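Descriptive structure summary
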Amino acid sequence: MELIFLFLAAILSGFVLMSVELVSFLSFLAPIFDIVGSLAMIIFSLAFIYKALKALFGK
């Protein structure tokens, strides 16, 4: 059960990484944060869907 909460926390952290406002001297990192945030949301969403389908249809 705690693995599900870990996946949800990772998805939320991906949203946070994409919406973070950087200070002017760190603005060059904005595209990197967008990419990492997007990848985190995609990967952990797929893992979350896999776990849900596995629980729904049996092991």
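To keep things clear, this report deals only with the structure shown in the data block. (Residues numbered from 1 in each chain as written. Predicted model: local features only at pLDDT ≥ 70, side-chain atom pairs only at ≥ 80, totals over all residues. Heavy atoms only, no water.)

1. Description of the overall build of the protein
- Of regular secondary structure, the protein possesses two helices and zero strands.
- A compact globule built from 59 residues should have a C-alpha radius of gyration of about 10 Å, whereas the protein, at 15 Å, is more than 25% larger.
- In terms of principal-axis extent, the alpha carbons of the protein reach across some 50 × 15 × 10 Å.
- By sequence separation, contacts in the protein at least 24 residues apart represent 55% of the contacts at least 6 residues apart.
- Carbon and sulfur atoms provide 79% of the accessible area of the protein, an area that totals close to 4700 Å². (Helix = DSSP H or I, 4+ residues; strand = E, 2+ residues; numbered from the N terminus. Rg over C-alpha atoms; globule rule 2.2 N^0.38 Å. Contact = heavy atoms within 4.5 Å. Areas by Shrake-Rupley, 256 points an atom, 1.4 Å probe, with all protein chains shown as cover.)

2. Side note on helix α1 (residues 2–19)
- Its 18 residues give α1 an end-to-end C-alpha distance of 26 Å, which sits within 8% of 26 Å, the value for a rise of 1.5 Å per residue.
- Taken together, the buried positions of α1 are F7, A10, I11 and G14. When α1 is viewed along its axis, its buried side chains cluster within an angular range of 95 degrees and face the same direction. Exposed side chains of α1 directed beyond 90 degrees from the buried face belong to E2, F5, L6, L12, V16 and S19. (Expected span 1.5 Å × (residues − 1). Buried < 20%, exposed > 50% of the residue type's maximum accessible area, 1.4 Å probe, protein only. Arc of directions from axis to C-beta.)

3. Regarding helix α2 (residues 30–57)
- Here α2 is 28 residues long and its end C-alpha atoms lie 40 Å apart, about the 40 Å a rise of 1.5 Å per residue gives.
- Looking at the packing, one finds that the buried side of α2 touches α1.
- Just downstream of α2 lies G58, where phi reads positive at about 95 degrees.

4. Here's the deal with the packing of α1 against α2
- Between α1 and α2, the shortest axis-to-axis distance is 8 Å and the interhelical angle comes to 155 degrees. Comparing their axes, α2 and α1 come out roughly antiparallel. Two packed elements cross with a definite hand, and for α1 against α2 that hand is left-handed. For the pair α1 and α2, contact is made by L3, I4, F7, L8, A10, I11, G14, F15, L17 and M18 and by F33, D34, V36, G37, S38, A40, M41, F44, S45, A47, F48 and K51, respectively. (Axes fitted to C-alpha atoms, helices over the stretch in contact; angles between N-to-C directions. Parallel < 35°, antiparallel > 145°, perpendicular 65-115°, else oblique. Left-handed = near helix turned anticlockwise from the far one by under 90°.)

5. Here we look at the packing of aromatic side chains
- Per the counting criterion, the structure on display carries one aromatic pair.
- A ring pair is formed by F7 and F44, whose centres lie 5.9 Å apart and whose planes are at 40 degrees; its orientation type is tilted. Of the two residues, F7 sits in helix α1 while F44 sits in helix α2, which places them 37 residues apart along the sequence.
- For F7, a relative accessible area of 11% gives the class buried.
- A relative accessible area of 29% means that F44 is categorised as partly exposed. (Phe/Tyr/Trp six-rings, centres within 6.5 Å; stacked < 30°, edge-to-face > 60°.)

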